Amino acid sequence: INIDMPGLIKRDIMCASRKAELYIQRYAQSQTEHHYKIWPKEKGEFPTDALCWENKVAYTDVQGHPTSIVIENKAVADTFRIYFWQMWNSLQ
């Protein structure tokens, strides 16, 4: 998802792929501050995309029929952030 908003700090963990390269190039031209880390291929690809903002977490199926679920719950969003930062900090 391409979100181009001045002042937004966006962080992505993505699998190494041509699609990720194009995504990174697109964000390099945006007004959004974008940071990313590459997930090692040997650990497998994520079958869903996850977005977290405020007290919401959205999961989207990126391998099958495009379907999403949005969970609006502070505890779930806070837990997602803890998981995300653990993954983020484990990557180069």
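Everything below is about the structure printed above this text.
The following refers to the structure shown. None of these values were measured; they are calculated from a predicted model.

## Overview of the nonpolar core
For step 1, the next point in the chain: Ranked by size, the top nonpolar core spans nine residues in total: Ile13, Cys15, Trp39, Val57, Ala77, Phe80, Phe84, Trp88 and Leu91.
For step 2, the next point in the chain: Excluding residues that lie within four positions of it along the chain, Ala77 makes contacts with Cys52, Glu54, Asn55, Lys56 and Val57.
For step 3, the next point in the chain: Counting residues in each nonpolar core, the second largest holds five residues, with Met14, Ala20, Tyr23 and Ile24 among its members.

## Describing the pattern of salt bridges
Oppositely charged side chains can pair when the atoms bearing their charge come close.
For step 1, the next point in the chain: For the coordinates displayed, the defined rule picks out six salt bridges.
For step 2, the next point in the chain: Lys56 is the salt-bridge partner of Glu54, the closest N and O atoms lying 3.4 Å from each other.
For step 3, the next point in the chain: For Glu54, a relative accessible area of 59% puts it in the exposed group.
For step 4, the next point in the chain: Overall, Lys56 belongs to the buried group, its relative accessible area being 16%.
For step 5, the next point in the chain: Between Asp78 and Lys74 there is a salt bridge, with its nearest N and O atoms 2.6 Å apart. One end of the pair is Asp78 and the other is Lys74, both in helix α2 (residues 74-90) and four residues apart, which spans about a single turn.
For step 6, the next point in the chain: The class of Lys74 is exposed, set by a relative accessible area of 56%.

## Things to note about α2
For step 1, the next point in the chain: The terminal C-alpha atoms of α2, which comprises 17 residues, lie 24 Å apart, in line with the 24 Å expected from a rise of 1.5 Å per residue.
For step 2, the next point in the chain: Among all positions in α2, only Ala77, Phe80, Phe84 and Trp88 are buried. Viewed along the axis of α2, the buried residues span an arc of 70°, placing them on a single side of the element. Exposed positions of α2 whose direction lies more than 90 degrees from the buried face are Ile82, Tyr83, Gln86 and Asn89.
For step 3, the next point in the chain: Here the buried face of α2 lies against β1 (9-15), β2 (33-39), β3 (48-53) and β4 (56-61).
For step 4, the next point in the chain: Residue Asn73 occupies the N-cap position of α2, its side-chain oxygen lying 2.9 Å from the main-chain nitrogen of Ala75.

## Some details on the pairing of strand β5 (residues 68-72)
Side-chain positions along a regular strand alternate between the two faces of the sheet.
For step 1, the next point in the chain: Counting buried positions over the five residues of β5 gives zero, only a small fraction of the element.
For step 2, the next point in the chain: Two elements, β4 and β5, share five bridges in a ladder whose sense is antiparallel. Residue pairing in the sheet places Thr60 in a bridge with Ser68 of β5.

## Overview of the state of the cysteines
For step 1, the next point in the chain: If you walk through the whole model with that rule in mind, you get zero disulfides.
For step 2, the next point in the chain: Looking at Cys52, it has no disulfide partner, and the nearest cysteine sulfur is the one in Cys15, 19 Å off.
For step 3, the next point in the chain: You can call Cys52 partly exposed: its relative accessible area is 27%.

Rules used throughout
Residues numbered from 1 in each chain as written. Predicted model: local features only at pLDDT ≥ 70, side-chain atom pairs only at ≥ 80, totals over all residues. Heavy atoms only, no water. Core = buried A, V, L, I, M, F, W, Y, C linked by side-chain atoms within 4.5 Å. Buried < 20%, exposed > 50% of the residue type's maximum accessible area, 1.4 Å probe, protein only. Contact = heavy atoms within 4.5 Å. Salt bridge = Lys/Arg side-chain N within 4 Å of Asp/Glu carboxyl O. Helix = DSSP H or I, 4+ residues; strand = E, 2+ residues; numbered from the N terminus. Expected span 1.5 Å × (residues − 1). Arc of directions from axis to C-beta. Polar contact = N/O pair within 3.5 Å; in protein donor to acceptor, adjacent residues only side chain to side chain. Pairing = 2+ DSSP bridges. Disulfide = S-S within 2.5 Å.

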